[in-house]
Amino acid sequence: MTPSLDSEARKRDQEDLEGFELPFFQKLVVLLWALLVSILARLTDLVLVLGRPRLLRPYLGIWLAERLRSPYRARRTFEVVRALRSTGQRFRELIYGETPLMTALWAFRRAGLGADSRLVDLGAGRGRVLIAARWLGAEAVGVELLASHVESVAKWLVPAGITLEQGDAARAELSGATHVFTNWLALTPETKAKLVERFRTCAPGTRFITVAHPIEAEDFVLRSRHRMLFTWGFEFVWIHEYRPG
Ligand SMILES: C[S@@+](CC[C@H](N)C(=O)[O-])C[C@H]1O[C@@H](n2cnc3c(N)ncnc32)[C@H](O)[C@@H]1O
């Protein structure tokens, strides 16, 4: 990218982020709500993880990594700029948020995830969703664009049999997946279209769980829709099945 294109990208990113700016009192309410939700989610997560003691260390490890370096404070670092150039995405597409275990477990059960399944999380962040997949005994694989997210939690996830790889979701290996989860709330329509193209490399019958927006393509049949709690508030979760032809 030439310097002028780079400064255009910066300006566009700045404008994108200004679109999320809120007046003081609204911001305060949002922050208090987020605090309440995060306490509630942590408590329910802990109760659930105590039911699977093997997952306690990885869960606490991810939490510790969050306390040491927050994934919620996005910075336009060299790594981030390079990653965005490689995928052609915008900075605002990296906005971070997590799925509480209870939400992921509920959605996964509704989607039929079990011990014989393989769940791939596209845009896996720090891997919280993958813990939920392991809770149900499924194989858990995550693909995350930012190496910093992956590196901060890898040592905690590996012993629990969880694979979290750095890579572009639009190029992820999906051939063995029975279920694909994607929290694609912040992605642009262009990036979502690339993901849907990738979804078509899956076997017929593969289930897709998407957050906030459904898959708008006839070969992905909607099975159900549920309103669920996330770290930033309530969103719809959409469960689809791939039925080509
Ligand atoms: C909203 S977070 C979701 C984290 C996790 N899946 C969860 O629900 O708890 C979305 C993540 O997608 C990642 N992401 C954005 N574009 C991506 C891409 N092209 N390939 C892989 N990850 C991507 C972001 O860096 C961010 O960590």
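A quick note: this is a predicted structure, and the numbers were derived from the prediction, not measured. (Residues numbered from 1 in each chain as written. Predicted model: local features only at pLDDT ≥ 70, side-chain atom pairs only at ≥ 80, totals over all residues.)

Student: Mind showing me how you'd approach the overall build of the protein chain here?
Tutor: For the protein chain, the helix and strand inventory stands at 8 helices and 7 strands. Computed over its C-alpha atoms, the radius of gyration of the protein chain comes to 18 Å, within 12% of the 18 Å expected for a compact globule of 245 residues. Dimensions of the protein chain along its principal axes, counting C-alpha atoms only, are 50 × 45 × 35 Å. In the protein chain, which comprises 245 residues, the share counted as buried stands at 36%. Considering only intrachain contacts with a sequence separation of at least 6, the fraction spanning at least 24 residues in the protein chain is 69%. (Helix = DSSP H or I, 4+ residues; strand = E, 2+ residues; numbered from the N terminus. Rg over C-alpha atoms; globule rule 2.2 N^0.38 Å. Buried ≥ 20, exposed ≤ 12 C-beta atoms within 10 Å, placed from the backbone. Contact = placed C-beta atoms within 7 Å.)

Student: Help me out: how do you make sense of the UniProt feature "transmembrane region" (unreviewed entry) in the protein chain in this one?
Tutor: Residues annotated in UniProt with the feature "transmembrane region" (unreviewed entry) correspond here to residues 30-50. Within the segment residues 30-50, helix and strand shares are 100% and 0% respectively, and the terminal C-alpha atoms sit 30 Å apart. (UniProt positions renumbered as here; feature names shortened; annotations may be inferred.)

Student: Help me out: how do you make sense of the nonpolar core in this one?
Tutor: Among the nonpolar cores identified, the biggest contains 51 residues, and Phe108, Val120, Leu130, Ala132, Ala133 and Val180 are the most heavily contacted of them. Counting residues per element, this core draws most heavily on helix H6 (residues 128-135), which supplies 6 residues. Beyond its immediate stretch of four places on either side in the chain, Ala132 contacts Leu101, Ala104, Leu105 and Phe108. (Core = buried A, V, L, I, M, F, W, Y, C linked by C-beta atoms within 7 Å.)

Student: Is there a simple way to think about the site of the ligand in this case?
Tutor: Residues in contact with the ligand amount to 23 residues; listed here are only the nearest, Gly123, Gly125, Leu145, Ala169 and Asn183. Every element with two or more residues in the shell around the ligand is listed here: H6 and strand E2 (139-144). Taken together, the residues of the shell around the ligand break down into 9 nonpolar, 8 polar and 6 charged. (Near = placed C-beta within 6 Å. Nonpolar A, V, L, I, M, F, W, Y, C, P; charged D, E, K, R; others polar.)

Student: Please explain unusual backbone geometry as it appears in this structure.
Tutor: With the exception of glycine, most residues fall at negative phi, and the peptide bonds are largely trans. Backbone geometry places Ala212, a non-glycine residue, at a positive phi of 80°. Secondary-structure assignment places Ala212 in the loop between strand E5 (207-211) and strand E6 (220-230).

Student: I would appreciate a short explanation of the pairing of strand E3 (residues 162-166) in the present structure.
Tutor: Strand residues, when the strand is regular, have side chains that alternate between the two faces of the sheet. With 5 bridges joining them, E2 and E3 adopt parallel strand pairing. Bridging across to E3, Gly142 finds its partner in Leu164. As a crossover connection, the stretch from E2 through helix H7 (residues 147-157) into E3 is right-handed. (Pairing = 2+ DSSP bridges. Right-handed = clockwise from strand over helix to strand, strands pointing away.)

Student: Teacher, can you tell me more about the sheet that holds strand E7 (residues 233-242) here?
Tutor: Hydrogen bonds between backbone groups are what pair the strands of a sheet, and the pairing can be parallel or antiparallel. Within the open sheet, the 7 strands sit side by side as E3-E2-E1-E4-E5-E7-E6. Their pairing is mixed. Either end of the sheet is taken by a strand with one partner, and the two such strands are E3 and E6. Within this sheet the neighbouring strands show an average axis-to-axis angle of 20°, counted without direction. As paired strands, E6 and E7 are joined by 10 bridges and run antiparallel to one another. Each residue of the ladder has a partner; that of Arg225, found in E7, is Trp238. The sheet strands contacting helix H5 (residues 101-110) are E5, E6 and E7, and the helix crosses E6 at an angle near 160°. (Axes fitted to C-alpha atoms, helices over the stretch in contact; angles between N-to-C directions.)

Student: Looking at this structure, I do not really get the packing of helix H2 (residues 24-50) against H5. What am I missing?
Tutor: Two quantities define a packed helix pair, namely the angle between the axes and the distance from one axis to the other. The contact between H2 and H5 brings their axes to 8 Å, and the two run at 60°. Taken together, the axes of H2 and H5 are oblique relative to one another. Residues Thr44, Asp45 and Leu48 of H2 form the contact with H5, whose participating residues are Leu101, Met102 and Leu105. Tallied by class, the residues present in the contact of H2 with H5 amount to 4 nonpolar, 1 polar and 1 charged. (Parallel < 35°, antiparallel > 145°, perpendicular 65-115°, else oblique.)

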